[in-house]
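# Summary of structural features
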Amino acid sequence: MTLAPTLPERLNRARADLRMGLPVILSGEGAAILAAAVETLDADRLGDMRSLGAPVLAITARRAETLKARAYDGDLARILVPGDAGLGWLRAVADPKDDLSMPMKGPFATLREGSAALCRAAIALAKTSQLLPAVLTVAISDGQAFAQRHGLTFLPLAEAEPELFRTGPLHPVVSARVPMVASQAGRVHIFRPEDGSIEHYAIEIGQPDRNAPVLARLHSACFTGDVLGSLKCDCGPQLRAALAQMGHEGAGVLLYLNQEGRGIGLANKMRAYALQDQGFDTVEANHRLGFEDDERDFRIGSGILREMGFARVRLMTNNPAKVAMMQAQGLDVTERVPLKVGETAQNRAYLATKAAKSGHLL
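Residues numbered from 1 in each chain as written. Predicted model: local features only at pLDDT ≥ 70, side-chain atom pairs only at ≥ 80, totals over all residues. Heavy atoms only, no water.

## Some words on the pairing of strand β13 (residues 332-337)
Where strand β12 (residues 312-316) lies against β13, 5 bridges are found, and the strand directions are parallel. In the sheet register, Arg-312 faces β13, and the bridge partner there is Asp-332. Taken together, β12, helix α14 (residues 320-328) and β13 form a β-α-β motif whose crossover is right-handed. (Pairing = 2+ DSSP bridges. Helix = DSSP H or I, 4+ residues; strand = E, 2+ residues; numbered from the N terminus. Right-handed = clockwise from strand over helix to strand, strands pointing away.)

Here's what the structure looks like:
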């Protein structure tokens, strides 16, 4: 029978569980933990987790640095949760919105003994669920039996860990002609990941020759810039300029990847904007939230281009990391086509930070 969910499907189910406030179970290396995302955890489930043992809060080293908590595990810190700590304390540690008004949250006692592998996987699940990367964990015995008894998603670490960082194949769902301002000869292709997660789009202008380098743009979704016309970034102007150039040349492919806010999601992007209003730049804001500078996975774009039959690209980008990624994925970048548009008084500092800290060629 093939009715049971595959491992990628179970991982996607685990992400949905975390977003709903349900804990999941991770097991491996002779141990098991019950893990819940702090952002969606409620008081009742917090009480239930406390009844099972001493809870540990796992946060990334980026967030730990802001909190002055020792990250003995390198990329993360495992904080012992005080006995009187409630949801308010947990969320204050996870979310930096009140860091400046309430700077003294510690001191924190962090674990240095034992493996952090299960906590690391739990944080990766929270990140890829586009939640704050802060996870409350508690050790349990016989994780699989516990999962069956309570109807929770169970993930063996040995199977789940490699899959967490793998980009699964994307399959074409449908395509249809869409006349656009940039070009009457437009076609939109929808691609769906194998695990049923969020879809990505390819906008094909004209009929690009599959045997020649295609003018291509990897554009990450930006609701604020693309839809609202935000002046805080250059995304909207880049989107329209890329399509216009493809229309002018008569052929091209723009990949619209649903990786809002450099892969952290719109809610976390708005949290980062709020931190920018407090005086932090875009990279500093991401770090205070517990994320890296850029959490996007551009392997998705190379996979779509290969699925569409392209092997060589003229890549429209100011980001050398995109060029390196495409080449690492076996696509030949024959030319980097600059895309310098959309500077405003409101985004000038943002663009300078991208150049200084993220290596963009602006």
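## Points about the UniProt feature "binding site: Zn(2+)" (unreviewed entry) in the chain
In the numbering used here, UniProt assigns the feature "binding site: Zn(2+)" (unreviewed entry) to Cys-222, Cys-233 and Cys-235. Here Cys-233 lies in the loop between α8 (223-227) and α9 (235-249). On the accessibility criterion, Cys-233 (4% relative accessible area) is buried. In this structure, Cys-235 is in contact with His-219, Cys-222 and Asp-226, ignoring residues within four places of it in sequence. (UniProt positions renumbered as here; feature names shortened; annotations may be inferred. Buried < 20%, exposed > 50% of the residue type's maximum accessible area, 1.4 Å probe, protein only. Contact = heavy atoms within 4.5 Å.)

## Here's the deal with the sheet that holds strand β7 (residues 170-177)
Strand pairs in the sheet, formed through backbone hydrogen bonds, run parallel or antiparallel to each other. Pairing is mixed in the open sheet, where 7 strands are placed in the order β7-β8-β9-β11-β10-β12-β13. At either end of the open sheet lies a strand with only one pairing partner, and these are β7 and β13. Averaged over all pairs of adjacent strands, the angle between their axes in this sheet comes to 25 degrees, without regard to strand direction. (Axes fitted to C-alpha atoms, helices over the stretch in contact; angles between N-to-C directions.)

## Notes on a nonpolar patch on the surface
Together, Phe-223, Val-227, Leu-228, Leu-266 and Met-270 line one region of the surface with nonpolar side chains, adding up to about 440 Å² of accessible area. Listing elements by their share of the nonpolar patch, those giving two or more residues are α8 and α11 (266-277). Along the chain, the position of Val-227 falls in helix α8. (Patch = residues over 30% accessible without salt bridge, like charges linked within 9 Å, V, L, I, M, F, W, Y side chains within 5 Å. Areas by Shrake-Rupley, 256 points an atom, 1.4 Å probe, with all protein chains shown as cover. Salt bridge = Lys/Arg side-chain N within 4 Å of Asp/Glu carboxyl O.)

## Let's talk about the nonpolar core
Judged by nonpolar contacts, the single largest core of 30 residues is most densely connected at Ile-25, Leu-34, Leu-41, Leu-57, Ile-59, Leu-90 and Leu-136. Once residues within four sequence positions are removed from consideration, Ile-59 is found in contact with Ala-64, Leu-67, Leu-76, Ala-77, Ile-79, Ile-123, Pro-133 and Ala-134. (Core = buried A, V, L, I, M, F, W, Y, C linked by side-chain atoms within 4.5 Å.)

## Points about the side chain of Thr-224
Along the chain, Thr-224 falls in helix α8. The residues contacting Thr-224, other than those within four sequence positions of it, are Gly-229, Ser-230, Glu-260, Lys-269, Met-270 and Tyr-273.

## Focus on the side chain of Arg-78
Position of Arg-78 relative to the elements: it lies in strand β4 (residues 76-80). Judged by its relative accessible area of 5%, Arg-78 falls in the buried class. A polar side-chain atom of Arg-78 sits 2.7 Å from a polar atom in the side chain of Asp-73. From its side chain, Arg-78 meets the backbone oxygen of Gly-114 in a polar contact 3.4 Å long. Setting aside anything within four residues of it in sequence, one finds Arg-78 in contact with Val-56, Leu-57, Asp-73, Ala-109, Thr-110, Leu-111, Arg-112, Glu-113, Gly-114, Ser-115, Ala-116 and Cys-119. (Polar contact = N/O pair within 3.5 Å; in protein donor to acceptor, adjacent residues only side chain to side chain.)

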